[in-house]
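An overview of the molecular structure
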Amino acid sequence: MFPIFFGQSSPDLLVNLTNQNSSSLLDVCAEIVAVESFGEYISENEDKYNKPMVLIGFYISIASLFCVLAMALDLLYGFRNGKFWFPSKCFSLNAASITVIAMAMKLPLDLSSSMGRVIDQVAKILELKYQAMSKTTMNNQHQQENLIPLSEKLTRLVKRRWIMVETGNLQFVMVSNPLSSASGVICAISMVVYIYMVRQLMLYGDFLAYSVYKKSTIFIVVTQSIGIVVGSIAPILRCFTVLSFKSCANQNWKHVMGSEEEKYWTQKLCEWKVRRISVLPSGCRSSVLLHNLKNHILSFCIGFQEVIVGSCKIIVLVPMVVIIFVVYFSYYFKSTRIKLITRSTASSNEETNEDLSSFVMLLNDNMQLTQKTMKGISDSMNRLIQSAAKKQHRNLLMLLETSVTFEGVETFDTDQIPSLLCVELVNGWSLPIIILTCIVVAIPGISKDKVNNLSKSVGEGLLYTHLVEESLNREYVYVTIRRATMTLWHEVEDKCKWLETTLESSAYEGKTPTDIIKSFACKAEEIVNEFNTSNHRKLVEKENLPPKVIIANSMYRISQTIIHTYESNNLEITEDELFTRLSGMIADILVACLTNIPRVITMRCHESTIEKREASVLAAIDLLGHTTKIIKRLETRELPNMDPDKMGFIDEWRLHLKQP
């Protein structure tokens, strides 16, 4: 008896050949033939099975390329704006980016780490600090609002809020913690190891021959290698952003080495440890055992978390040593003259610029930003304001100069005109401006240059009237009117019509201004009466009125008011006099509306939603830059003594101006 073993392809074919079992040889041979046939089948069809893997390889390389481009854009944004903590604007973790990463890595991602809970705790602490600092800012603002010009006050407000938003950003705050610095060191080491391994593989190994991805392997390696290099730049440079904190420059080793651990690292775990388990009744032996088991597990987790944080703080010493060496090396070679210049410049800046250090939001109160970092954040805001200031609306400014009083706010409509609707509609800021513009555009005999300049001025002014309405007139009836207004203005700009009625002055040649205005009033009355008839004059809520009816009602009342004003004073309507009167009304309404711009800027700075806060402050900065000259112009005007909350509504203005 002797055993026969048939290689690696059939390890189970072990038989005993004896005189009594000679027939088993035939069975073994048959199985060998089957195995060899199957091997030939696999060999023949291997290319067929692996063919889709080449396409999948290209798919992976394309996904990797998208990741690389997103990371490169974040780097460009950081360098361009001087934000060397490199906030993730394009390559942040969300559903889309996680999907792309999963495709690029072809690996499942496990995001259920304790880091998310730490970030939640950090966010809560920052939010409490932000709200407290916000109240302080508002109190200081109210105390000083009568001591400085309005434009300067707004500039100070947005600068303070910009400092709070930028330094309170989670991505900025997390840069100062040891995990960020440790990740930078680890990224640097990993990148070096990866580059060395790829180099060795390409020099001494034919990886294309063994990869199922075939030719697409080279594209995957190239794109992901670039991605590793590009993606490592930001974490590595973030290590050196500790230069932005004075505690590092002063060698606050107590913070670096973490002799006192920050509570937010283990706060959630400690809360879970204290909390009792309510599943089992108290006093039960199993409940005590379960509670003790839970405490042991959480104690281990807390200890493990502290070890991780402590290890990261030790790793932080690597960039710290480099930084301290560079700082002291540069200080050693600085001349006394440069130091004196720097000191004199710094002292002059401190005298001319506001100290914004009290508005910096950091988790550790012992840490402070360096003056250079503060100046960088402040300068970024100044650049935004200057960029927006270059785009001043000249036509609008020229129109506002023609306004002397607020008479037009009161006189564009009159209570002596009976209402066509069963409900009394409120007035918005934009709609009467557009209605008055429609009448001016349609009157022949007025210079085209005047009409065009007025139309441009109105278009520029509507950007701000809509913004005021959106911010201050939030009731649904005002939303309905605003939608109707936007529909009307698009029709005027695109088709030179209002409710399908032409505004081309050539269509009204030979007609007097009185005839044209009366025809507009008749057309508007016809539309409103048609609605009343179709609705059987039932009471309809003003929020539910169709846009067409809202526009027609406004056109009817304003047209009739103009006719009534001229007829009651026995005046003849001439083209030039009508243009001066109506453009004056438009200017008065615009000035009254734009007095609310400072309030809109303030509201944008006080955005309470965390996710919208940065975008809201950016919008406030942009708005301040665009309206700086307008605000300075308003500072020369004597405003009515009204409640600030009522100044956002044109009807409140009209009620106040009617008072003797």
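Here the structure is shown first, and the text comes after it.
All of the points below concern the structure found in this document.

What counts, and where the lines are drawn
- Residues numbered from 1 in each chain as written.
- Predicted model: local features only at pLDDT ≥ 70, side-chain atom pairs only at ≥ 80, totals over all residues.
- Heavy atoms only, no water.
- Helix = DSSP H or I, 4+ residues; strand = E, 2+ residues; numbered from the N terminus.
- Buried < 20%, exposed > 50% of the residue type's maximum accessible area, 1.4 Å probe, protein only.
- Contact = heavy atoms within 4.5 Å.
- Salt bridge = Lys/Arg side-chain N within 4 Å of Asp/Glu carboxyl O.
- Phe/Tyr/Trp six-rings, centres within 6.5 Å; stacked < 30°, edge-to-face > 60°.
- Patch = residues over 30% accessible without salt bridge, like charges linked within 9 Å, V, L, I, M, F, W, Y side chains within 5 Å.
- Areas by Shrake-Rupley, 256 points an atom, 1.4 Å probe, with all protein chains shown as cover.
- Axes fitted to C-alpha atoms, helices over the stretch in contact; angles between N-to-C directions.
- Parallel < 35°, antiparallel > 145°, perpendicular 65-115°, else oblique.
- Left-handed = near helix turned anticlockwise from the far one by under 90°.
- Nonpolar A, V, L, I, M, F, W, Y, C, P; charged D, E, K, R; others polar.
- Expected span 1.5 Å × (residues − 1).
- Polar contact = N/O pair within 3.5 Å; in protein donor to acceptor, adjacent residues only side chain to side chain.
- Lys, Arg positive; Asp, Glu negative; His and termini not counted.

Within the protein chain, the regular secondary structure consists of 26 helices and 4 strands. The burial tally for the protein chain puts 43% of its 660 residues in the buried class. Sequence-distant contacts in the protein chain: of pairs separated by 6 or more residues, those separated by 24 or more amount to 78%.

Take the environment of A619 next. Relative to the helices and strands, A619 is located in helix α25 (residues 610–635). Residue class for A619 comes out partly exposed when judged on its relative accessible area of 28%. Separated by 14 residues in sequence, A619 and C605 place their C-alpha atoms 8.7 Å apart.

Tallied over the entire structure, the rule returns 9 salt bridges. With a shortest N-O distance of 3.1 Å, D413 and R557 are connected by a salt bridge. Taken together, the positions of D413 in the loop between α17 (407–411) and α18 (430–442) and R557 in helix α22 (residues 547–568) put the pair 144 residues apart, joining distant regions of the chain. Residue E577 pairs with R581 through a salt bridge whose shortest N-O separation is 3.6 Å. One end of the pair is E577 and the other is R581, both in helix α23 (residues 575–594) and 4 residues apart, which spans about a single turn. Residue classification places E577 among the partly exposed positions, given a relative accessible area of 31%. Salt bridges sharing partners connect three or more residues here, namely K495, K497 and E500.

In total, this model carries 6 aromatic pairs according to the counting rule given. Both rings, one in W498 and one in F520, keep their centres 5.6 Å apart while their planes meet at 70°; by these two values the pair is edge-to-face. Residue W498 is located in strand β3 (residues 497–498), and its partner F520 is located in helix α21 (residues 513–534); the two are separated by 22 residues in the primary sequence. Comparing W498 with F520, the two get one shared label, buried. Linked through ring pairs, F406, W429 and W653 together constitute an aromatic cluster.

As a further point, take unusual backbone geometry. A positive phi angle is found at C496, which is not glycine, with a value near 55°. Its location among the elements puts C496 in the loop between α20 (476–495) and β3. Residue classification places C496 among the buried residues on the basis of a relative accessible area of 19%. Despite not being glycine, N570 has its phi angle at roughly 55°, a positive value. Within the secondary structure layout, N570 lies in the loop between α22 and α23.

The next thing to look at is a nonpolar patch on the surface. A surface patch of nonpolar side chains, amounting to about 500 Å² of accessible area, comprises F58, M202, I218, F219, V222 and I226. Ranked by residue count, the leading element in the nonpolar patch is helix α8 (residues 216–239), at 4 residues. The topology assignment puts I226 in helix α8.

Once that is clear, we can look at the packing of α18 against α23. Across the interface, α18 lies against α23 with an axial gap of 10 Å and an inter-helix angle of 160°. Judged by the inter-axis angle, α18 sits roughly antiparallel to α23. With respect to the hand of their crossing, α18 and α23 are arranged in left-handed fashion. For the pair α18 and α23, the contacting residues are P432, I433, L436, T437, I439 and V440 in the first and F579, L582, M585, I586, I589 and L590 in the second. Here the contact of α18 with α23 is composed, by residue class, of 11 nonpolar, 1 polar and no charged.

What describes two packed helices is the angle between their axes and the distance between those same axes. With their axes 10 Å apart at the nearest point, α18 and α22 run at an angle of 60° to one another. α22 is crossed by α18, and the crossing has right-handed handedness. Where α18 approaches α22, its residues L431, P432, I435, L436, C438 and I439 are matched on the opposing element by I550, I551, S554, M555, I558, S559 and I562. The class makeup of the residues in the contact of α18 with α22 is 11 nonpolar, 2 polar and no charged.

A few words now on α18. Think of an α-helix as 3.6 residues a turn; residues three or four steps apart then line up on the same face. Here α18 is 13 residues long and its end C-alpha atoms lie 19 Å apart, about the 18 Å a rise of 1.5 Å per residue gives. Across the 13 residues that make up α18, a large majority, 13, are buried.

Further remarks concern the side chain of T602. Mapped onto the elements, T602 comes out in helix α24 (residues 597–605). At 2.9 Å, the side chain of T602 and the backbone oxygen of P598 are in polar contact.

Within the fold, C593 resides in helix α23. Under the relative-accessibility criterion, C593 is labelled buried at 0%. For C593 and H466, which are 127 residues apart along the polypeptide, the C-alpha to C-alpha distance reads 9.8 Å. Setting aside residues up to four positions removed in sequence, C593 forms contacts with W429, T465 and V468.

Here we come to the side chain of R482. Structurally, R482 can be placed in helix α20. It turns out R482 is buried and unbridged, and the closest side chain with the opposite charge, E469, is 5.2 Å from it. Discounting chain neighbours no more than four positions away, the residues touching R482 are H466, E469, E470 and N473.

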